[in-house]
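In case you want the letters, here they are:
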Amino acid sequence: MTTSFRRTPGWLDWYAEPSRPRYRLPEGAVDAHCHVFGPGAAFPFAPERRYTPCDASRDQLFALRDHLGFARTVVVQATCHGADNSAMVDALRASGGLARGVATVRPDVSDAELRELHEAGVRGVRFNFVKRLVDAAPRQDLRDVALRIAPYGWHVVVYFEAADLPDLRDFLLSVPVPLVVDHMGRPDVTKDPDGPEFGAFLDLMRARPDIWCKVTCPERLSVSGPPALDGERSAYRDVVPFARRVVEEFPDRVLWGTDWPHPNLVSHMPDDGLLVDFVPHIAPTPELRRKLLVDNPTRLYWPDAG
Ligand SMILES: O=C(O)c1cc(C(=O)O)oc(=O)c1
């Protein structure tokens, strides 16, 4: 019996025919933030999910990787799969070592499960504080998880909104493993990049040398646009000052990714080829782009590759 899942009303499927980027990605470039969704018939979506996506399979993810010119992939567990990491692990196992993963685990996860996840290529866990996506786990549970994964050398990927940073800051700084912040902590880009809100995020980055930042998801944050559609090679201009600030101040601990298949977008679905052309606007030199796309993600996820 195959379970059929009905997409959340208004769901936007990923962009079917992405352009080729004009910007030619460097050798060894890593898409450091993307997901797989099911397919639902093989990997049912979690009952506690807050949305029901379209299918977005590992093979479709790898085809996009090759189309855009990435060499490697970091597959991040999507909240629609809860703590059932099987779709993500399946993608890692099918990748021939070209994909690493970030899992969602509960505090009672067994050591056998952690070892199996590590063997498959998982190198981190995700703590999600975005209220529309999950009921955030109690802080003590998250601390327990961090202690469980520390022996594996894993890090913690955190997803939060800028308004919640003041309340989260002390907890984040207490996590005893490296942190990787998704989507710059979702700044309000109508505010001043030199203002107190983004300043609080930059201060978090300055507080510890092992806090990394994904300068990702301009399509989620932009108010001004223009969208990465119809050949637009200079998209989401209001996000550029924020991302560029992070890249220039922390060049050795920034990462970039497509966020394909782009869950929960409502205004439009970006052409992933044009999204790649956003990168030169935020990393304006070849050296910064090599750090952002190759050196940093390789050091974090493939430390033995060198
Ligand atoms: O903003 C979002 O809706 C979103 C959701 C997820 C997820 O459901 O895992 O991941 C993301 O990176 C962003």
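Residues numbered from 1 in each chain as written. Predicted model: local features only at pLDDT ≥ 70, side-chain atom pairs only at ≥ 80, totals over all residues. Heavy atoms only, no water.

A.B. asks: Could you give me a rundown of the pattern of salt bridges, with the residues and numbers involved?
C.D. replies: This structure, assessed with the given rule, holds 23 salt bridges. For Arg139, the salt bridge goes to Asp167, with nearest N and O atoms at 3.0 Å. Here Arg139, found in helix α4 (residues 139-149), pairs with Asp167, found in helix α5 (residues 165-174); they are 28 residues apart in sequence, far enough to count as distant. Where Lys291 meets Asp252, a salt bridge forms, and the shortest distance between an N and an O atom there is 2.6 Å. Here the residue Lys291 occupies a position in helix α11 (residues 286-301), and Asp252 occupies one in the loop between α8 (240-249) and β8 (254-255), the gap between them amounting to 39 residues. Among the charged side chains, a salt-bridge network with shared partners connects Arg58, Asp59 and Asp90. (Salt bridge = Lys/Arg side-chain N within 4 Å of Asp/Glu carboxyl O. Helix = DSSP H or I, 4+ residues; strand = E, 2+ residues; numbered from the N terminus.)

A.B. asks: Please give an account of the packing of aromatic side chains that cites residues and values.
C.D. replies: One pass over the structure, following the stated rule, counts eleven aromatic pairs. Between the aromatic rings of Phe5 and Phe45, the centroid separation amounts to 5.1 Å while the plane-to-plane angle is 80°, which identifies the pairing as edge-to-face. One end of the pair, Phe5, is in the segment before β1 (30-34); the other, Phe45, is in the loop between β1 and α1 (58-68), with 40 residues separating them in the sequence. Judged by centre distance (6.1 Å) and plane angle (70°), the ring pair of Trp11 and Phe37 falls under edge-to-face. One end of the pair, Trp11, is in the segment before β1; the other, Phe37, is in the loop between β1 and α1, and 26 residues separate them in sequence. Side by side, Trp11 and Phe37 carry an identical accessibility label, which is buried. (Phe/Tyr/Trp six-rings, centres within 6.5 Å; stacked < 30°, edge-to-face > 60°. Buried < 20%, exposed > 50% of the residue type's maximum accessible area, 1.4 Å probe, protein only.)

A.B. asks: Account for α1, with residues named and values stated.
C.D. replies: Of the residues making up α1, those classed as buried are Leu61, Phe62, Leu64, Arg65 and Leu68. Burial along α1 is one-sided: seen end-on, the buried residues are contained in an arc of 155°. Packed against the buried residues of α1 are β1, β2 (72-76), α2 (86-94) and α9 (272-276). With its phi angle positive at about 100°, Gly69 sits one or two positions after the end of α1. (Arc of directions from axis to C-beta. Contact = heavy atoms within 4.5 Å.)

A.B. asks: Describe the packing of helix α6 (residues 196-207) against α8, listing the residues and the values that go with them.
C.D. replies: Running from N to C, α6 and α8 cross one another at 20°; their axes reach a closest spacing of 12 Å. Relative to α8, the element α6 is oriented roughly parallel. Relative to α8, the crossing made by α6 is right-handed. Residues Phe198, Phe201, Leu202 and Arg206 of α6 pack against Phe242, Arg245, Val246 and Glu249 of α8. Partitioned by chemical class, the residues of the contact of α6 with α8 number five nonpolar, no polar and three charged. (Axes fitted to C-alpha atoms, helices over the stretch in contact; angles between N-to-C directions. Parallel < 35°, antiparallel > 145°, perpendicular 65-115°, else oblique. Left-handed = near helix turned anticlockwise from the far one by under 90°. Nonpolar A, V, L, I, M, F, W, Y, C, P; charged D, E, K, R; others polar.)

A.B. asks: Give a detailed account of the site of the ligand, specifying residues and quantitative values.
C.D. replies: Looking at the ligand, there are 16 residues lining it, with Tyr51, Thr79, Arg126, Arg132 and Tyr159 nearest. Between the ligand and the protein, one listed contact pairs an oxygen atom with a side-chain N or O atom of Tyr51 at 2.6 Å. Its free accessible area being 330 Å², the ligand has 100% of it covered by the protein chains. Judged by the proximity of its atoms to the pocket grid, the ligand belongs to the largest cavity. Residue classes in the shell around the ligand are distributed as five nonpolar, six polar and five charged. (Near = heavy atom within 4 Å. Polar contact = N/O pair within 3.5 Å; in protein donor to acceptor, adjacent residues only side chain to side chain. Areas by Shrake-Rupley, 256 points an atom, 1.4 Å probe, with all protein chains shown as cover. 1 Å grid on protein atoms, 1.4 Å probe; cavity = no way out; pocket = protein on both sides within 12 Å on 5 of 7 lines; lining within 4 Å. Sits in = over half its atoms within 2 Å of the grid points.)

A.B. asks: Now, about the pairing of β2: what can you tell me, with residues and values included?
C.D. replies: By the criterion of burial, β2 is predominantly enclosed, with four of the five residues buried. Alignment of β1 against β2, held across three bridges, turns out to be parallel. Looking across to β2, one finds that Asp31 is bridged to Thr73. In this fold, β1 hands off to α1, which returns the chain to β2; that crossover is right-handed. (Pairing = 2+ DSSP bridges. Right-handed = clockwise from strand over helix to strand, strands pointing away.)

A.B. asks: Provide a residue-level description of the state of the cysteines, including the pertinent values.
C.D. replies: The tally for this structure, following the rule as stated, stands at zero disulfides. The closest cysteine sulfur to the non-disulfide-bonded Cys54 is located on Cys80, 9.2 Å from its own sulfur. The exposure class assigned to Cys54 is buried, which follows from its relative accessible area of 2%. (Disulfide = S-S within 2.5 Å.)

Remember, this is a structural readout, not a statement about activity or role.
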